[in-house]
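In case you want the letters, here they are:
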Amino acid sequence: MNDKHIEMRSVRKVYRFFTLDDVSLELEPGQIMGFVGPNGAGKSTTLRLLMGMISPDAGEIRVLGHVMPKAQAVAKRDIGYVSAEMRLLPHATLGWHMNFMKSIYPEWDGGYAAALVKRFNLRIEQSARSLSMGEHVKATLLLALARRPKLLILDEPTTGLDPVARHEVISEFMDVLRDEGRSILFSSHNTVDVERISDRITFIDRGRVVESSDKEDFLERWRRIQVQLPHDAVLPMLPNIVKREIDGHFVTLITNQYSEGLKNLIGPYVTHVQRMNLEEIFVANVMHHREARGK
Amino acid sequence: MLCIHSMYSGINISQTDARPMYLQIMEQIRARIAARDWPPGKELPSIRALAAGLNVSVITIKRAYLDLETEGVIVTRHGKGSFVADVNGLAGELKEAELDQHLGEAAAIARQLGLSDDELAARLRRTLEKK
């Protein structure tokens, strides 16, 4: 039985100036995945492929068990998709949009929608045209959330939101995850948000997945090791070092596979072993992969 | 003055704290148990409820609960939830049940071997002397 919410295998999509290549992703029900990458890395293209809005040139895509883009009509009933490019009808009110969604989606939860209007500080009589950028983002999220879809695919959902609005929106995401049958895939530049709320994290750069893993796994494996060498001492050969900076007697190492064994190999010269936050891990990971690919 | 009351409003996660989030959560749960705000036998919030309450991923709370369980601070019963352990109570009871089960298995093997009750008791005594 196939119970994964998202399954992408070796997906390829070729454009004139950009190629998405060998992208594989998996998302289980009950999980939230943060999708992180620099601008132009292929995040939106990947999400559009998942939504069946574009077809892959190679590879397989299944969403909620449905083959995409072939079965997109069925799959989309249970997917809520929000991207910054989405536009509401400028002259129609938020209330009109809510009624419209209600008429299409039988699962529409009117009570929850009304609660979200309040929590997001919106008003149903506001026309879409009069919404600020942040209000527009919250309105499109509301329209997706109140359908209570099994899977939410959100392209940069917190971009353009002030810190208070971001907090409101993130609280709603976590509320969705109370139900272990639901899941969220969201792309973001904000590594602080991703680090806090994601169960799984996928890094993408230049059209390729750099790494995809459990968040705790990322945070446990990566370390910055500071070493002060005595005069004339040389560091032994060390495995799993992705970056090495030497400044006189001082050496800074970054490893993606920390263990006590590695520390013992360096011996008594280690002065500090530091954990890294997700942003530091992301940058080191991307730079390391760019180097490896450049060779 | 703004005053927020929520079930877990006292548990805070600092993003400027160098320690990982799961360690921060463990420490604050331990403090509640030590202060008896969470008495022995009290049911902990479910992993998903606490994740939603703190706006922290499920995997982080899972990690915290798993480590607290390894430390013996909490006890998780499958399908029932996690509870504050009590060395003389809940946790002790679970350990006793485990001991009874092992003794039962030992008794069954002794029967298979045709050992008398006295012989089995003598073996147990010898084992205890070695420890």
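As the structure is a prediction and not an experimental result, all values here were calculated from the model.

1. Examining helix α10 (residues 278–294) of chain A
All names here are of chain A. With 17 residues, α10 extends 24 Å from end C-alpha to end C-alpha; this agrees with the ideal 24 Å at 1.5 Å per step. Every buried residue belonging to α10 is among Leu278, Ile281, Phe282, Asn285 and Val286, and all of these are buried. Viewed end-on, α10 has its buried residues packed into an arc of 125°, placing them on one side of the element. Those residues of α10 that are exposed and angled more than 90 degrees off the buried face are Arg290, Glu291 and Gly294. Residues of α10 that are buried make contact with β3 (32–36), α7 (191–197), β9 (200–205), β10 (208–214) and α8 (215–221).

2. A short note on unusual backbone geometry
Residue and element names in this part refer to chain A. A cis amide bond links Met68 to the next residue, Pro69, at an omega of 0°. Within the chain, Ser10 stands out as a residue other than glycine whose phi angle is a positive 45°. Assignment of secondary structure puts Ser10 in strand β1 (residues 6–14). On the neighbour-count criterion, Ser10 (12 C-beta atoms within 10 Å) is exposed. Even without being a glycine, Glu156 presents a positive backbone phi close to 50°. Topologically, Glu156 is positioned in the loop between β7 (151–155) and α6 (163–176).

3. Let's talk about the pairing of strand β1 (residues 74–77) of chain B
Residue and element names in this part refer to chain B. Here four bridges tie β1 to strand β2 (residues 81–84), and the two strands are oriented antiparallel to one another. Opposite Arg77, over in β2, you have Gly81 as the bridge partner. As consecutive antiparallel partners, β1 and β2 are separated by three residues, and within that stretch Gly79 has a phi angle of approximately 80°, a positive value.

4. A closer look at the nonpolar core
In terms of nonpolar packing, the biggest core is built from 88 residues, with Leu50(A), Val63(A), Leu142(A), Ile153(A), Ala51(B) and Ile61(B) touching the most fellow members. Excluding anything up to four places from it in sequence, Val63(A) contacts Ile6(A), Leu50(A), Met68(A), Ala75(A), Ile79(A) and Leu151(A).

5. A word on the domain arrangement of chain B
As a measure of interface size, the accessible area lost when the parts come together is often cited. Domain boundaries in chain B define domain 1 (21–84) and domain 2 (90–130). If you average the C-alpha positions of domain 1 of chain B and of domain 2 of chain B, the two centres end up 34 Å apart.

6. A word on the interface of chain B and chain A
With 14 residues of chain B in contact, the opposing surface of chain A contributes 18 residues. Looking at the side of chain B that touches chain A residue by residue, the class counts come to eight nonpolar, four polar and two charged.

7. Structural notes on the sheet that holds strand β14 (residues 270–275) of chain A
Residue and element names in this part refer to chain A. Read from one edge of the open sheet, four strands run β12-β13-β11-β14, paired in antiparallel fashion. Each edge of the open sheet is held by one strand with a lone partner, namely β12 (241–247) and β14. Across the sheet, the axes of successive neighbouring strands diverge by a mean angle of 15°, strand direction being ignored.

8. A closer look at the domain arrangement of chain A
All names here are of chain A. We note that the domain assignment places domain 1 (6–217) and domain 2 (219–294) within chain A. Placing the centre of domain 1 and that of domain 2 at their C-alpha centroids yields a distance of 36 Å. In this complex, domain 1 contributes eleven residues to the contact, which on the side of domain 2 involves eleven residues. Those elements that place two or more of their residues in the side of domain 1 that touches domain 2 are α7, β9, β10 and α8. The class makeup of the residues in the side of domain 1 that touches domain 2 is four nonpolar, one polar and six charged.

9. Considerations on the environment of Val63(A)
Mapping Val63(A) onto the fold places it in strand β4 (residues 58–63). Placed 57 residues apart in sequence, Val63(A) and Ile6(A) show a C-alpha to C-alpha distance of 4.7 Å.

10. Here's the deal with helix α5 (residues 133–145) of chain A
Residue and element names in this part refer to chain A. Relative to the 18 Å expected for 13 residues at 1.5 Å per residue, α5 spans 18 Å between its end C-alpha atoms, a close match to the ideal helical length. Those residues of α5 that sit buried are Glu135, Val137, Lys138, Ala139, Thr140, Leu141, Leu142, Leu143 and Leu145. Where α5 is buried, its residues touch β6 (79–83), α3 (94–104), α4 (110–119) and α6.

11. Topic: the packing of helix α2 (residues 47–54) of chain B against helix α3 (residues 58–70) of chain B
Residues and elements named next belong to chain B. With their axes 9 Å apart at the nearest point, α2 and α3 run at an angle of 120° to one another. Taken together, the axes of α2 and α3 are oblique relative to one another. Crossing hand, α2 versus α3: right-handed. When α2 is examined against α3, the residues Ile47, Arg48, Leu50 and Ala51 are found in contact with a partner set consisting of Val58, Ile61, Lys62 and Tyr65. Of the residues contributing to the contact of α2 with α3, the split by class is six nonpolar, no polar and two charged.

Reading the values: the criteria
Throughout, residues of each chain are indexed from 1 in the direction in which the sequence is written. By the order in which they are written, chains take letters starting at A while ligands take numbers starting at 1. With pLDDT at 70 or above as the cut-off, local features in this predicted model cover only qualifying residues; side-chain atom pairs require 80 or more to be listed or tallied, and sums for whole chains, interfaces and linings still use all residues. Starting at the N terminus, helices and strands are each numbered in turn, a helix being any DSSP run of H or I of at least four residues and a strand any DSSP run of E of at least two. Multiply 1.5 Å by the residue count of a helix minus one, and that product is the helix's expected span. Buried means a residue has 20 or more other C-beta atoms within 10 Å of its own C-beta, exposed means 12 or fewer, and partly exposed covers the counts in between; C-beta atoms are placed from the backbone. Within this analysis, the arc is defined by the directions that extend from the helix axis to the C-beta atoms. Throughout, a pair of residues is in contact if the C-beta atoms placed from their backbones lie within 7 Å. DSSP bridges decide pairing: two strands pair if at least two such bridges lie between them. A set of buried Ala, Val, Leu, Ile, Met, Phe, Trp, Tyr and Cys residues, joined through C-beta atoms within 7 Å, is what we mean by a nonpolar core. Note that domain bounds follow an automatic or database assignment of domains. Amino acids are sorted into nonpolar (Ala, Val, Leu, Ile, Met, Phe, Trp, Tyr, Cys and Pro), charged (Asp, Glu, Lys and Arg) and polar (every other residue, Gly among them). Interaxial angles span 0 to 180 degrees and are taken between N-to-C directions of axes, which are lines fitted to C-alpha atoms, for helices over the stretch in contact. Here roughly perpendicular refers to angles of 65 to 115 degrees, roughly parallel to angles under 35, roughly antiparallel to angles over 145, and oblique to all remaining angles. Helix crossings get a hand from a simple test, with the near helix turned counterclockwise from the far one by less than a right angle marking a left-handed crossing and a clockwise turn marking a right-handed one.

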